[in-house]
Amino acid sequence: MENPFLGSFADRVPLRPDPLARVLVQLVYQPVMKIGTPDGLAKFQDAIRSRYPTVQSMKEVVEIGEIDAHGEHKAPHNTVTGLLYQFISSDGASRLTVADNFLTLETAHYVSRETFLTQLRFILECFLPEYSPVITRIGFRYVNRISAVGDDGELLTPTLVRKELLGLHGLFAGNPPQRELSDTRFSVPEGMVIMTWGHTEPNYVHAPEVLMPTRVPAWVVDIDTITNDANMEIIGTTELLDSLVEKIKDLADRGRTVFNWCVTSEFLEMFKKEES
């Protein structure tokens, strides 16, 4: 069996959007102070307004300090309060968040990678010429969630998920754990995969900043593939847009390959997209 964290990318299996609760791509960059000024995003907003007409701003508490290779703050560090802006797509399915040190595009309605990256390319074509950010980290995150039980109340995951990821579920008949979550980090050629998986009880989510709770027990696998080169500094310009998008595609492919390893052939068949 090929190691999904180090091996070649798995073949793409088109799936229905059902298992994908959220997909996110994020660019982290050196602070662009212009974004934090009253008129700093005006030109950018005008450029994307036709597709992202709704905007709101909010305060954010940000940790500042030295970052280690895992993307975590080294102690000691401080917190500051800053502004971030959220732009909502006209169909309400996608949200773009912009702060002075990061940009995140996320969607709850993932049609295809091509469609999602077309959205991102449009945003970057408007953003990069205006701000030329010094990009220090890129991440692509798939958050997958399915109902853990069928209509008959029986547990579905033993047939849909690799046994290595089932944990204590099924070990004690009639008394499964209400919640069991695990996480791991693996080095990959593209940087690092940070993965959280497990069973959750109704009305609980492991990442409330990106997911809404469900009323049924669920199984979740959250795969975040990030670059982790401490010396990575890409000047974001229109000329480098193609290479930037290719790097993002590689991150997405690694996350997809890990996901395909996490689930069984029965899962892939159940959620396979029907050919039109």
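This write-up is about the structure you can find in this document.

Rules used throughout
Residues numbered from 1 in each chain as written. Predicted model: local features only at pLDDT ≥ 70, side-chain atom pairs only at ≥ 80, totals over all residues. Heavy atoms only, no water. Helix = DSSP H or I, 4+ residues; strand = E, 2+ residues; numbered from the N terminus. Buried < 20%, exposed > 50% of the residue type's maximum accessible area, 1.4 Å probe, protein only. Contact = heavy atoms within 4.5 Å. Areas by Shrake-Rupley, 256 points an atom, 1.4 Å probe, with all protein chains shown as cover. Salt bridge = Lys/Arg side-chain N within 4 Å of Asp/Glu carboxyl O. Phe/Tyr/Trp six-rings, centres within 6.5 Å; stacked < 30°, edge-to-face > 60°. Pairing = 2+ DSSP bridges. Expected span 1.5 Å × (residues − 1). Core = buried A, V, L, I, M, F, W, Y, C linked by side-chain atoms within 4.5 Å.

1. Concerning the overall build of the chain
Looking only at helices and strands, the chain features five helices and ten strands. Considering the chain as a whole, with its 276 residues, one finds that 45% of them fall into the buried category. For the chain, restricting intrachain contacts to residue pairs at least 6 apart in sequence, the fraction spanning at least 24 positions comes to 71%. Counting only carbon and sulfur atoms, one obtains 52% of the accessible surface of the chain, whose full area is about 14600 Å².

2. Some thoughts on the side chain of Glu201
Within the secondary structure, Glu201 is located in the loop between strand S8 (191-200) and strand S9 (218-226). Look past the residues within four positions of Glu201 in its chain and what remains in contact with it is Gln178, Arg179, Val216 and Pro217.

3. Side note on the pattern of salt bridges
Oppositely charged side chains can pair when the atoms bearing their charge come close. One pass over the structure, following the stated rule, counts 16 salt bridges. Among the salt bridges present, the one from Arg95 reaches Glu106, with a minimum N-O distance of 3.0 Å. One end of the pair, Arg95, is in strand S4 (residues 94-99); the other, Glu106, is in strand S5 (residues 102-107), and eleven residues separate them in sequence. On the basis of relative accessible area, Glu106 is assigned to the buried category, the value being 5%. Between Glu164 and Arg162 there is a salt bridge; the shortest N-O distance is 3.2 Å.

4. Some words on the packing of aromatic side chains
Throughout the structure, instances matching the rule amount to 13 aromatic pairs. The interplanar angle of 80° and the centroid separation of 5.5 Å between the aromatic rings of Phe44 and Phe127 together place this pair among those described as edge-to-face. Placement of Phe44 in helix H1 (residues 42-48) and of Phe127 in helix H2 (residues 113-131) is noted, with a sequence separation of 83 residues between them. Judged by its relative accessible area of 1%, Phe44 is buried. Among the residues examined, Phe127 registers a relative accessible area of 2% and is labelled buried.

5. A few points about the pairing of strand S6 (residues 134-147)
Burial runs high along S6: ten of the 14 residues are buried. Both strand S1 (residues 20-29) and S6 contribute to a ladder of nine bridges, which runs antiparallel. Across the sheet, the residue bridging to Tyr29 is Ile135, located in S6. One ladder, built from two bridges, connects S6 with strand S10 (residues 234-235); its direction is antiparallel. What sits directly across from Val134, in S10, is Ile235. Taken together, the nine bridges between S6 and S9 define a ladder with antiparallel strand orientation. By the bridge assignment for S9, Ser147 is matched with Ala218.

6. Concerning the pairing of strand S7 (residues 180-188)
Pairing of S7 with S8 involves nine bridges; the strand directions are antiparallel. Pairing of Ser182 across the sheet is with Trp197, part of S8.

7. With respect to helix H4 (residues 241-262)
Taking 1.5 Å per residue, 22 residues should reach 32 Å; H4 reaches 32 Å between its end C-alpha atoms and fits that length. Most of H4 is tucked away, with 16 of its 22 residues classed as buried.

8. Quick look at the nonpolar core
Core analysis: the largest hydrophobic core is formed by 38 residues, its most contacted members being Phe44, Phe87, Leu96, Val98, Phe127 and Phe140. When contributions to this core are tallied by element, the ones reaching two or more residues are S1, H1, strand S3 (78-88), S4, S5, H2, S6 and H4. With ten residues, H2 is the largest single contributor of residues to this core. Excluding its chain neighbours within four sequence positions, the residues that come into contact with Phe140 are Val23, Leu24, Val25, Tyr110, Phe116, Leu117, Ile223, Asp224, Thr225, Ile248, Leu251 and Ala252.

9. Here we look at the side chain of Thr225
Turning to its location among the elements, Thr225 is positioned in strand S9. According to the relative accessible area criterion, Thr225 is buried, its value standing at 0%. In this structure Thr225 touches Ile138, Gly139, Phe140, Val188, Met192, Val193, Leu251, Arg254 and Gly255, once residues within four positions along its chain are discounted.

Everything listed here is a matter of geometry and, on its own, says nothing about what the molecule does.
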